[in-house]
Amino acid sequence: HDVVLASWWTRLKQSGELDSIFAESVRPLSYFLQNFASPTLLVFETDDIEPWMMLWFSPLYSGASVGLWVRQDHRRARKSLDVVNRTFDAAFKTWPILLATTKDHSQDRLYRHFGFHALGTIPKLFDGQEAFVSYLTAELLQERRQQHEHERRQGETANSYVLTSA
């Protein structure tokens, strides 16, 4: 999977997303690749171009730290939502809780879209900047799915599956 990671790193570097998703200490390619070595579990989807979805889980106490990225042209796709949901379902067979930490407010909103519960911020955690911290359990994910289904049936939101804050 190093080829996929290198391709993704190149895309993130060129788009400027590398700085908003990863701490400075992991941005050089060699450290980036090491960041995804065992015991981190990497789940990805690719097309003919390159990766379009990356999810990673790093064991942390009884749970796992989670990261999520979806390429811009797939952020509104129902398929993306389905892949992320199936991956979270599989993760909950191993870990009872997932913890998300990000410095990017739009990423925080993305996590909350999936039912992550915001815990708050930690000052200076992410390269000297505050980090948003949230968590997800299987129960919270199920509640959010039911809410999305209710909204869909009620027609309250036409795009409840959107994977972007924009």
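Rules used throughout
- Residues numbered from 1 in each chain as written.
- Predicted model: local features only at pLDDT ≥ 70, side-chain atom pairs only at ≥ 80, totals over all residues.
- Heavy atoms only, no water.
- Helix = DSSP H or I, 4+ residues; strand = E, 2+ residues; numbered from the N terminus.
- Rg over C-alpha atoms; globule rule 2.2 N^0.38 Å.
- Contact = heavy atoms within 4.5 Å.
- Areas by Shrake-Rupley, 256 points an atom, 1.4 Å probe, with all protein chains shown as cover.
- Lys, Arg positive; Asp, Glu negative; His and termini not counted.
- Charge placed at Lys NZ, Arg CZ, Asp CG, Glu CD.
- Core = buried A, V, L, I, M, F, W, Y, C linked by side-chain atoms within 4.5 Å.
- Buried < 20%, exposed > 50% of the residue type's maximum accessible area, 1.4 Å probe, protein only.
- Pairing = 2+ DSSP bridges.
- Expected span 1.5 Å × (residues − 1).
- Axes fitted to C-alpha atoms, helices over the stretch in contact; angles between N-to-C directions.

> What exactly am I supposed to notice about the overall build of the chain here?
When its secondary structure is counted, the chain shows six helices and six strands. At 16 Å, the chain has a C-alpha radius of gyration in line with the 15 Å of a compact globule built from 166 residues. Counting only C-alpha atoms, the chain reaches 50 × 35 × 30 Å along its principal axes. In the chain, the share of contacts with a sequence separation of at least 24, taken over all contacts with a separation of at least 6, comes to 57%. For the chain, the accessible surface area stands at approximately 9,000 Å², while carbon and sulfur atoms represent 50% of it. Across the chain, 18 positive and 20 negative side-chain charges occur, with their mean positions spaced 2 Å apart.

> Explain the nonpolar core here, please?
A general trend in soluble globular proteins is that nonpolar side chains are found buried together. In this structure, Phe57, Val66, Phe88, Leu98 and Phe116 are the most contacted members of the largest nonpolar core, which totals 23 residues. For this core, the elements supplying multiple residues, two or more each, are β2 (51–60), β3 (63–70), α4 (78–91), β4 (98–102) and α5 (105–113). Counting residues per element, this core draws most heavily on α4, which supplies five residues. One finds Ile21, Leu42, Met54 and Trp56 within the second-largest nonpolar core, a separate group that totals 14 residues.

> What's the story with the pairing of β2 in this structure? I'm lost.
Along a regular strand, successive side chains alternate from one face of the sheet to the other. Buried residues dominate β2, accounting for seven of its ten residues. In terms of strand pairing, strand β1 (residues 41–46) meets β2 through six bridges, oriented antiparallel. For Val43, the partnering residue across the bridge sits in β2 and is Leu55. Between β1 and the antiparallel strand that follows it, β2, lie four residues. Where β2 folds back onto β3 in an antiparallel hairpin, the turn is made up of two residues, including Tyr61, whose phi is positive at roughly 55 degrees.

> Explain α4 to me, please; I cannot follow it from the model alone.
Every α-helix winds through 3.6 residues per turn, so residues three or four apart in the chain are directed the same way. A rise of 1.5 Å per residue sets the reference length of α4, with its 14 residues, at 20 Å; its end C-alpha atoms lie 20 Å apart and thus fit the reference within 8%. Within α4 the residues assigned to the buried category are Ser80, Leu81, Val83, Val84, Asn85, Thr87, Phe88 and Ala91.

> I keep staring at the side chain of Thr102 and nothing clicks. Help me out?
Residue placement: Thr102 occurs in strand β4. The buried category is assigned to Thr102, whose relative accessible area is 6%. In contact with Thr102, not counting residues within four places along its chain, are Gln107, Asp108, Tyr111, Phe126, Ala131 and Phe132.

> Hey, could you run me through the environment of Phe32 in this one?
In this fold, Phe32 is placed in helix α3 (residues 29–35). Among residues more than four places away in sequence, those in contact with Phe32 are Leu5, Trp8, Trp9, Leu12, Leu18, Phe22 and Val26.

> Whenever I open this one, the sheet that holds strand β6 (residues 129–136) confuses me. Can you help?
Two modes of strand pairing occur in sheets, parallel and antiparallel, and in both the strands are linked by backbone hydrogen bonds. Spatially, the six strands line up as an open sheet ordered β1-β2-β3-β4-β6-β5, and their pairing is mixed. At either end of the open sheet lies a strand with only one pairing partner, and these are β1 and β5 (117–126). Shown here is a sheet whose adjacent strand axes are inclined to one another by a mean of 25 degrees, direction ignored. Pairing of β4 with β6, which is carried by five bridges, proceeds in the antiparallel orientation. Looking across to β6, one finds that Leu99 is bridged to Tyr135. Against the sheet, helix α1 (residues 2–15) makes contact with β1, β2 and β3, and its axis sits at roughly 110 degrees relative to β2, the strand it touches most.

Honestly, it's all geometry; don't read function into it.
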